[in-house]
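# A look at the structure
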Amino acid sequence: MLACLCATPSFAGAPGKFEGWELEHGVDPPGYAVIDPQSTDLNIDGVVLACEEADDHRILQLQLYLSTEGPLLPQGVPPLRLKNHPRAEISIDGQVFPVGLLFADD
């Protein structure tokens with residue numbers, strides 16, 4: 001996936017496959033792609049896939065931008081019901097992927 005994100009030809013070679021994704025403008029290759037999710041049960045407004053520098057290599061980072069103030073929450077659930085050790089999975093085109101949750105300071 002990292003190669004697909006960081007190289008424009010991979011996106012261009014699959015018409016319709018990446019519909020809705022907006023690539024970083026004015027940079028070749030683009031460093032990120034952004035999309036608004038079609039459906040979610042979380043308070044997520046936007047999703048970014050970014051190629052980031054890490055030591056001597058690049059990593060793929062999934063960044064979530066929230067639609068509300070405060071923590072990442074299932075829609076309709078009060079913050080008091082948050083778990084001390086949350087877990088998550090991501091469903092993409094019917095495939096489910098477990099993920100590790102790491103939180104930034106802001």
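Just so it is clear, the model here is predicted, and its values are computed rather than measured.

## Considerations on the side chain of Gln-63
- Topologically, Gln-63 is positioned in strand β4 (residues 57–66).
- Overall, Gln-63 belongs to the buried group, its relative accessible area being 18%.
- A polar contact is formed between the side chain of Gln-63 and the side chain of Gln-61, at a distance of 2.6 Å.
- Residues in contact with Gln-63, not counting those within four places in the same chain, are Gly-46, Val-47, Val-48, Ala-50 and Glu-52.

## Quick word on a nonpolar patch on the surface
- A contiguous nonpolar surface patch, about 220 Å² in accessible area, is contributed by Leu-62, Leu-64 and Leu-66.
- Considering the arrangement of structural elements, one finds Leu-66 in strand β4.

## With respect to the environment of Glu-24
- Mapped onto the secondary structure, Glu-24 falls in the loop between β1 (22–23) and β2 (32–35).
- Taking the C-alpha atoms as reference points, Glu-24 and Ala-50, 26 residues apart in sequence, are found 9.6 Å from one another.
- Setting aside residues no more than four positions away along its own chain, Glu-24 makes contact with Pro-30, Gly-31 and Tyr-32.
- Within the structure, Glu-24 has its side chain in polar contact with the backbone nitrogen of Gly-31 (distance 2.5 Å).

## So, the sheet that holds β1
- Reading across the sheet, the 4 strands line up as β1-β2-β3-β4 and stay open at both edges, with antiparallel pairing between neighbours. Two strands lie at the open edges of the sheet, namely β1 and β4, each paired on one side alone.
- One ladder, built from 10 bridges, connects strand β3 (residues 44–54) with β4; its direction is antiparallel. Across the sheet, Val-47 pairs through a bridge with Leu-64, a residue of β4.

## Things to note about unusual backbone geometry
- For the peptide bond that leads from Asp-28 to Pro-29, omega is 0 degrees, which places it in the cis range.
- If you trace the backbone, Pro-29 turns up in the loop between β1 and β2.
- Despite not being glycine, Asp-55 shows a phi value in the positive range, around 55 degrees.
- Relative to the assigned elements, Asp-55 resides in the loop between β3 and β4.

## Let's talk about the pairing of β2
- Burial of β2 is one-sided: the residues Ala-33 and Ile-35 facing one way are buried, the residues Tyr-32 and Val-34 facing the other way are not.
- Note: β1 against β2, 2 bridges, orientation antiparallel. Across the sheet, Leu-23 pairs through a bridge with Ala-33, a residue of β2.
- The pairing of β2 with β3 spans 4 bridges and is classified as antiparallel. Counterpart to Ile-35 in the pairing with β3 is Val-47.

Scoring rules and cut-offs
Residues numbered from 1 in each chain as written. Predicted model: local features only at pLDDT ≥ 70, side-chain atom pairs only at ≥ 80, totals over all residues. Heavy atoms only, no water. Helix = DSSP H or I, 4+ residues; strand = E, 2+ residues; numbered from the N terminus. Buried < 20%, exposed > 50% of the residue type's maximum accessible area, 1.4 Å probe, protein only. Polar contact = N/O pair within 3.5 Å; in protein donor to acceptor, adjacent residues only side chain to side chain. Contact = heavy atoms within 4.5 Å. Patch = residues over 30% accessible without salt bridge, like charges linked within 9 Å, V, L, I, M, F, W, Y side chains within 5 Å. Areas by Shrake-Rupley, 256 points an atom, 1.4 Å probe, with all protein chains shown as cover. Salt bridge = Lys/Arg side-chain N within 4 Å of Asp/Glu carboxyl O. Pairing = 2+ DSSP bridges.

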